[in-house]
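Okay, here's what each chain looks like letter by letter:
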Amino acid sequence: MNYRHIYHAGNFADVLKHAVLARLIVYMAQKEKAFRVLDTHAGIGIYDLSSEEAQKTGEWVDGIGRILDTDIPAKAKAILEPYLTAVRDLNPDGGLTLYPGSPKLTRMLMRPQDRLSAMELHPDDYETLHRLFDGDFQSRITELDGWLALGAHLPPKEKRGIVLVDPPFEIAGEYERLADGLHKAYRRFSGGTFCLWYPLKQGAPIAEFHATLQALEIPKMLCAELSVRSDRDTTGLSGSGLIIVNPPFTLKSELDILLPFLKDRLKQDRHASARAFWLRGEEVLERD
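The present account deals with the structure reproduced in this document. (Residues numbered from 1 in each chain as written. Predicted model: local features only at pLDDT ≥ 70, side-chain atom pairs only at ≥ 80, totals over all residues. Heavy atoms only, no water.)

Section: the pattern of salt bridges
Okay, step 1: Counted by the stated rule, this structure contains 14 salt bridges.
Okay, step 2: Residue Asp 166 is joined to Lys 17 by a salt bridge in which the shortest nitrogen-to-oxygen separation is 2.5 Å. With Asp 166 in the loop between β6 (161-165) and α7 (174-188) and Lys 17 in helix α1 (residues 12-28), the pair connects residues that are 149 residues apart, well separated along the chain.
Okay, step 3: For Asp 166, a relative accessible area of 13% translates into the label buried.
Okay, step 4: Overall, the relative accessible area of 4% leaves Lys 17 in the buried class.
Okay, step 5: A salt bridge links Asp 114 to Arg 111; the shortest N-O distance between them is 2.9 Å. (Salt bridge = Lys/Arg side-chain N within 4 Å of Asp/Glu carboxyl O. Helix = DSSP H or I, 4+ residues; strand = E, 2+ residues; numbered from the N terminus. Buried < 20%, exposed > 50% of the residue type's maximum accessible area, 1.4 Å probe, protein only.)

Overview of the packing of α7 against helix α8 (residues 206-215)
Okay, step 1: Two elements in contact, α7 and α8, have axes whose closest approach is 10 Å; the angle formed by their N-to-C orientations is 15°. Overall, the two elements α7 and α8 adopt an arrangement that is roughly parallel. Between α7 and α8 lies a crossing whose hand is right-handed. Residues Tyr 175, Leu 178, Ala 179 and Leu 182 of α7 touch α8, and the partners they reach there are Ile 206, Phe 209, Thr 212 and Leu 213.
Okay, step 2: Broken down by class, the residue content of the contact of α7 with α8 amounts to seven nonpolar, one polar and no charged. (Axes fitted to C-alpha atoms, helices over the stretch in contact; angles between N-to-C directions. Parallel < 35°, antiparallel > 145°, perpendicular 65-115°, else oblique. Left-handed = near helix turned anticlockwise from the far one by under 90°. Contact = heavy atoms within 4.5 Å. Nonpolar A, V, L, I, M, F, W, Y, C, P; charged D, E, K, R; others polar.)

Regarding the nonpolar core
In globular proteins that are soluble, nonpolar side chains generally tend to be buried together.
Okay, step 1: Membership of the largest hydrophobic core comes to 90 residues, with the highest contact counts inside it found for Tyr 83, Phe 194, Tyr 198 and Ile 243.
Okay, step 2: Considering each element in turn, this core owes the most residues, eleven residues, to α1.
Okay, step 3: Here Phe 194 is in contact with Leu 154, Val 163, Leu 182, Ala 185, Tyr 186, Phe 189, Ile 243, Ile 244 and Val 245, once residues within four sequence places are set aside. (Core = buried A, V, L, I, M, F, W, Y, C linked by side-chain atoms within 4.5 Å.)

So, α8
Okay, step 1: Of the residues making up α8, those classed as buried are Ile 206, Phe 209, His 210 and Leu 213. Projected onto a plane normal to the axis of α8, the buried residues spread over an arc of 95° and lie on a single side. Opposite the packed face of α8, turned more than 90 degrees from it, sit the exposed residues Ala 207, Glu 208 and Ala 215.
Okay, step 2: Looking at the buried side of α8, the elements it contacts are α7, β7 (193-201), β8 (221-227), β9 (237-245) and β10 (273-280).
Okay, step 3: In the segment just after α8, Glu 217 is the residue with positive phi, at about 60°. (Arc of directions from axis to C-beta.)

Topic: the environment of Lys 56
Okay, step 1: Tracing the sequence through the fold places Lys 56 in helix α2 (residues 52-57).
Okay, step 2: Given the relative accessible area of 68%, Lys 56 is considered exposed.
Okay, step 3: Expressed as a C-alpha distance, the spacing of Lys 56 and Ala 276, which sit 220 residues apart in the sequence, is 32 Å.

Side note on the packing of aromatic side chains
Where two aromatic rings form a pair, the distance of their centres and the angle of their planes describe that pair.
Okay, step 1: Applying the stated criterion across every chain yields a total of six aromatic pairs.
Okay, step 2: Ring plane angle 75° and centroid distance 6.1 Å describe the contact between Tyr 27 and Phe 249, whose orientation is recorded as edge-to-face. Linking Tyr 27 in helix α1 with Phe 249 in the loop between β9 and α9 (251-266), this pair joins segments that are 222 residues apart in sequence.
Okay, step 3: Considering the side-chain rings of Tyr 175 and Phe 209, the 5.5 Å spacing of their centres and the 65° angle between planes classify their relative orientation as edge-to-face. One end of the pair, Tyr 175, is in helix α7; the other, Phe 209, is in helix α8, with 34 residues separating them in the sequence. For the pair Tyr 175 and Phe 209, one class covers both residues: buried.
Okay, step 4: Every member of this aromatic cluster is reached through a ring pair, and the members are Phe 169, Tyr 175, Trp 197, Tyr 198 and Phe 209. (Phe/Tyr/Trp six-rings, centres within 6.5 Å; stacked < 30°, edge-to-face > 60°.)

Put into structure tokens, the structure is as follows:
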């Protein structure tokens, strides 16, 4: 309940998460049939990067600030374009003052037939998010613990959709909780695309987390990780990862282009790294 994303909005972790989310939405929209995006930990929707909180940390400077309106190689630029276009559209006078959180980014990329369900537990953040989407019939904003939404709100009536799970990782046991949440949600909505965010930092049980996910025996599970610095001299965030269940067939090849670019552009020391690999999928089965 104490976590406030305004201090971190637009940082390197947001760049990876939102770029991939945009690709998932664009892919889903290739079919005419409607889909729903369920955002379990939605935040406030739009972040003012000129605010005292954002300026205090300045994390966006080394994130979206290094990418927006800069030279980008053509292949990476094409992959990033839906995400970057949304950021530019939120700043019509140029520059970078406002940054879209995941519910706003989703809403900007949706078609008239698509729907958004956004959950936010923090009472102040819920009120801000609710005001932002007030009167928008395509969006439903609910004051709810996002973990509960993985049961109560699945499957969506559209039977197509993306589930974004982006918890704050404030308390111990969140990696286990994330794996357990996926296990329960997948049983209810096995045809859905899930995108799970997790932090990379000193002492994080990443190998154990991956092993727990692999044991779920979900057929298609892709992992993307980006570290911008060494975790040796900090207890803070050194990188972040995404688990994508039922990814678009094009996503792995897109990540193989996008991640090396993000590593080179966002790195903060020589230990920066990036990788995309299958936790479960055809490539894993072939190696076994």
